[in-house]
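Coordinate analysis (summary)
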Amino acid sequence: MGGELNVGEPIIELENVSITFTRGSLFKRTRVEAVVHVNLKIHEGEILALVGESGCGKTTLGKLIVGVYRPTEGVIRYKGQDIRHLSRDAYREYRRNVQIVHQDSYAALNPVRTIAQSLSAPLLRYRFARNGHEARVKAAELLELMGLSPAGDFLDKYPHQLSGGQRQRVVLARAVALQPKLIVADEPVSMIDVSLRLSILDLMRSLNERFGITFLYITHDLATARYFVQNGRIAVMYLGQLVEQGNLQRVLETPRHPYLQALLSAVPVPDPKKARHGKPLPLRSLDLPDPTNPPSGCRFHPRCPYAEEICARENPPLHLLEGDHYAACHLIERIPVWKPW
Amino acid sequence: MKPLLHVKDLVVEFELERGTLRAVNEASLVVYPGEIFALVGESGSGKSTLAFALLNLVPPPGRIASGRVEFDGQDVLSLDGNALRQYRWRNVAMVFQAAQNVMNPVMHIADHFIDTAADHGEHNRDAVLQRATELLQMVRLEPKQVLRAYPHQLSGGMRQRVVIALSLLLNPRLLILDEPTTALDVVTQAYIMDILNDIRQKTGIAMLLLTHDMSVVAKVADRVGVMYAGRLVETGDIYTIFYRARHPYTVGLLNAAPSLVGDLTSKRPIPGMPPDLVNPPPGCPFAPRCSYATSRCETENPVMLRIEEGHEVACHNWERVHV
Amino acid sequence: MTTATVPAPRRFDLLYQTYRVLRRNKRALAGFLILAGFLLMAAIGPYVVPLDMTAHYEQRYLPPSLAHPLGTDYVGRDTFALIVHGSRDVLSIAFFAAVFTVGIALTVGMLSGLQGGMLDALLMLLTNTVLTIPKFPVMLVFATIFHVKDPVSLAIILSVWAWGGLARAVRSQILSLKEREFIEAARVMGLSLGHIIIKELLPNIMPYVAINFLYIMKDAITASVGLMLLGVIPFSASNWGMMLNLAIKQAGAIYIPQGIYYATAPMVAIILFQLGALFFAHGLDEVLNPRLRS
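Because the structure is a prediction, the values reported are computed rather than measured.

How each quantity is defined
- Residues numbered from 1 in each chain as written.
- Chains lettered and ligands numbered in written order.
- Predicted model: local features only at pLDDT ≥ 70, side-chain atom pairs only at ≥ 80, totals over all residues.
- Helix = DSSP H or I, 4+ residues; strand = E, 2+ residues; numbered from the N terminus.
- Buried ≥ 20, exposed ≤ 12 C-beta atoms within 10 Å, placed from the backbone.
- Contact = placed C-beta atoms within 7 Å.
- Axes fitted to C-alpha atoms, helices over the stretch in contact; angles between N-to-C directions.
- Parallel < 35°, antiparallel > 145°, perpendicular 65-115°, else oblique.
- Left-handed = near helix turned anticlockwise from the far one by under 90°.
- Nonpolar A, V, L, I, M, F, W, Y, C, P; charged D, E, K, R; others polar.
- Pairing = 2+ DSSP bridges.

**Quick notes on the overall build of chain C**
- The number of helices and strands found in chain C is 11 helices and zero strands.
- Along chain C, helices and strands appear, N-terminal first, in the series α-α-α-α-α-α-α-α-α-α-α.
- Counting only C-alpha atoms and orienting by the principal axes, one finds that chain C spans roughly 80 × 50 × 25 Å.
- When burial is assessed residue by residue, chain C has 41% of its 294 residues classed as buried.
- Counting contacts in chain C only where the partners sit at least 6 residues apart, residues at least 24 apart contribute 68% of the total.

If you want it as structure tokens, here you go:
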């Protein structure tokens, strides 16, 4: 699996999607524009990393795709159809085919239900099993598939009796139970021990290769994104906006947007020679802007060392650089290459 | 050089319903003045417990069962009362995990400094505020604004820097930091690590940095100690550990840490799971997960061997192990 | 994987867990035995212990003896028999009161928590009113206005103003559970609202509700006793509350030294029941909450 563009048709399309949250009472309303004018396509069978810092809106975007939130602007399409206007059957299909894996495996499982019960519920709902006993058998198969063996040891346990890594495998098993087309994985390994992270990522990768499950991998950790995505694509978000996207290897090798350049040069690498002699991109300000009062125009302009007058005035559109590599910057042609190591 | 901190065969146990849990199992390490020592380990490695033991702060049902902790030659574990309070914060200070959330929300930052100083016998407000100003500048914050603010008015990264400044208030000679950069975004993380380096250069303070992130270690540490299941399994200087590690767990950690650069094919997870610290298997705690394990490893626990100057390993098969 | 290799779940897991907890937790065991004793008393007591309601004045206020384990009342009737026969009414009143209270509280709390918006605001207004106006005076008023004929109608009066606190607690639990990831996952998987309410949310609040059930029962007993003591509810003489009323107000038992057995017997019965409820409630949490198991 995996050249650059020869994956399937777009399974999810976001057209100019925005969502604004309003909070507070009559006297103190705060508005947070969590996602702003995002255009993104997710193709069937691909692995796409959605990368950004906390507060950039990547989790919100994931929840929009999964249908937990509704956009205040723009359209989200599943297989070409607006998900707000799906027929009952089409909606059922969408519901079944788009699943989510949360970061916190302990919160993602009902603490007073056994693993078998949590896995059986979706199987019974969609008639993958006709009765409780069949559901149990299928649940055991899923656990074995996720490397939890012997499954019998896990079926009647409660979530708190499992380790973090085991729980996350159970959550993954549940997501896979409905044989979905797309799994949105929101920081699936951030709460797992370092030495075990790669095994979960390897497992997810095998699900993609064996069953063709599309993955949207949401994370702030570029290193694990690189490991998991490999030949796939990456999309980078900053304060609700998509600032760069394209084939991951190319984007990481030649980052064009100043934010990504700053990010890459700030990410530490586990190699002392490289880590100590890197050059961080000098940003004008360290602090993240207040999300309720975002900067005008390009949201990165107060921190950007290359910012000019137009950057404060107008929001930059996504410029096509080459192939599928896009960046949202007015001055993209003039941004110099920045090699941190 | 004379060590600043010397931990000898420390044992910390927790009395639980189902048995005694040995969180720290005969751990020994040395920290020299002015160096940054990274103590690496994952959850259950015992590094946090060890750090608390250094300040004699192990919470019950835990207790320090045996071993010595010497600070500048002085036995720490036998201190109590006033002497212990002097030791804490004046000699050794600690920045806890996610410390940015432990500040008192109804006190100005200035009051945090004044309070802490008063607690240790310094009542001269002006002197304290003067020192606070210097420290805030050292962590690259704007003192006038920050001193007047409440904690919630500052960002997470700013709060973390304030906590670091607070820890330096009484000029400690050793600063313990527990995962100082989790819960922060990458750019701020890099900045804080820069600041720590700066502080070390300006004040000559030594630091004990607890982390699970090999990338953070690579950036700031001078020497490294690797902990697994409550034991120190390898210690050495930074280049030795990264390029010439000899313990299978260290090698495993290096291979399990994905990177933005370099070859991905050598990256792999460590199979298996950490052992139960209440009923540990006999022999080396890492044996069940170790690809170099022999039958000796399952019965005999390896001791720390000095294999070269400044490099110690606890492994029977260290000669066969390579990065 | 064949069906033969998948182990079947343990049947009657709840009973097994109860057994385990009772073995370990001495207090819970004590509470369980006390409550079981009362249950037995209410269920078969009246068949086993005969109650002779005829007055034998020459036998009044007798101290405890083999023939009369708790002595006799002000007209010579056996106190123990009175207690046993009264237990049925007392316990069924308490039980029904708890059922109604919990029913109302769950409905209000869950509707409020799940629906939010206008309905939530209205229900909370109602709840706050119920909470602010003290319940005993209200119950007094209701008891005098409406004729109380049987345990069920008394139970209704006892429950109509008692659900406020539990409703609020249920609502806040629902509010926080609603946001949890496992509920979000259930929605994303398209599980029905019914499933989410009954299979996902309810089991999480069950421990709290079950423990409150016991507390409400004991509160109901106290309230009913209070009402009877004030003579507001005309009732049979074997009801414990009525016994207290008679003992203190009418028969002057507290002024007569021998009357002490008659006066204290119902009190002891009430207190014993409450202790049993409290002790057992401790263990109940462990049984119902899997997180407390190792």
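**A few points about the environment of Thr224(A)**
- Within the secondary structure, Thr224(A) is located in helix 9 (residues 222-229).
- Judged by the 25 C-beta atoms lying within 10 Å of it, Thr224(A) falls in the buried class.
- Considering only alpha carbons, one finds Thr224(A) and Asn16(A), 208 residues apart in sequence, at a separation of 28 Å.
- The contacts of Thr224(A), once residues within four sequence positions are left out, are Val189(A), Arg197(A), Leu201(A), Thr219(A) and Pro258(B).

**Things to note about the packing of helix 4 (residues 115-125) of chain A against helix 7 (residues 164-177) of chain A**
Residues and elements named next belong to chain A.
- Interhelical geometry of helix 4 versus helix 7 gives an angle of 15° and a closest axis separation of 9 Å. One element, helix 4, and the other, helix 7, form an angle in the roughly parallel class. Here helix 4 and helix 7 pass one another in a crossing that is right-handed. Touching Ile 115, Ser 118, Leu 119, Pro 122 and Leu 123 of helix 4 are Val 170, Ala 173, Arg 174 and Ala 177, all from helix 7.
- In terms of residue class, the contact of helix 4 with helix 7 is built from seven nonpolar, one polar and one charged.

**Some thoughts on the interface of chain A and chain B**
- Between chain A and chain B, the contact holds 36 residues from the first and 34 residues from the second.
- Ranked by the residues each element gives to the side of chain A that touches chain B, the list is headed by helix 8 (residues 194-211) of chain A, at seven residues.
- Of the residues contributing to the side of chain A that touches chain B, the split by class is 21 nonpolar, six polar and nine charged.

**Let's talk about the pairing of strand 8 (residues 214-219) of chain A**
All names here are of chain A.
- With six of six residues buried, strand 8 lies mostly within the body of the structure.
- Neither face of strand 8 is open: one carries Thr 214, Leu 216 and Ile 218, the other Phe 215, Tyr 217 and Thr 219, and all of them are buried.
- Relative to strand 8, strand 3 (residues 47-51) is paired through five bridges, and the arrangement is parallel. If you follow Leu 50 over to strand 8, its bridge partner there is Ile 218.
- Taken together, the five bridges between strand 7 (residues 182-186) and strand 8 define a ladder with parallel strand orientation. Of the residues in strand 8, the one forming a bridge with Ala 185 is Tyr 217.

**Here we look at the packing of helix 9 (residues 193-229) of chain C against helix 11 (residues 260-288) of chain C**
All names here are of chain C.
- For the pair helix 9 and helix 11, interaxial distance at closest approach is 8 Å and the crossing angle is 175°. In terms of axis orientation, helix 9 runs roughly antiparallel to helix 11. Within the contact between the two elements, helix 9 uses Met 206, Pro 207, Ala 210, Ile 211, Leu 214, Tyr 215, Met 217, Lys 218, Ile 221 and Val 225 and helix 11 uses Ile 270, Phe 273, Gln 274, Ala 277, Phe 280, Ala 281, Leu 284, Asp 285 and Leu 288.
- When the residues that make up the contact of helix 9 with helix 11 are grouped by side-chain class, the tally is 16 nonpolar, one polar and two charged.

**Overview of the sheet that holds strand 2 (residues 30-43) of chain A**
Residues and elements named next belong to chain A.
- Judged by pairing direction, the sheet is antiparallel, and its four strands sit side by side in the order 2-1-4-5 without closing on themselves. Both edges of this open sheet fall to strand 2 and strand 5 (81-82), since each of them pairs with a single strand only.
- The sheet contacts of helix 1 (residues 58-66) involve strand 1 (10-23), strand 2 and strand 4 (73-78), and relative to strand 2 the element is tilted by about 60°.

**A few points about unusual backbone geometry**
- The residue after Ser149(A), namely Pro150(A), is reached through a cis peptide bond having omega -5°.
- Counting through the fold element by element, Pro150(A) comes out in the loop between helix 5 (132-145) and helix 6 (152-155).
- A cis amide bond links Pro60(B) to the next residue, Pro61(B), at an omega of 10°.
- Locating Pro61(B) in the fold gives a position in the loop between helix 1 (47-54) and strand 4 (62-71).
- The phi dihedral of Glu179(B) is positive, around 45°, even though this residue is not glycine.
- Along the polypeptide, Glu179(B) turns up in the loop between strand 7 (174-178) and helix 7 (186-203).
- We note that Ala229(B) has phi near 50°; this positive angle belongs to a residue other than glycine.

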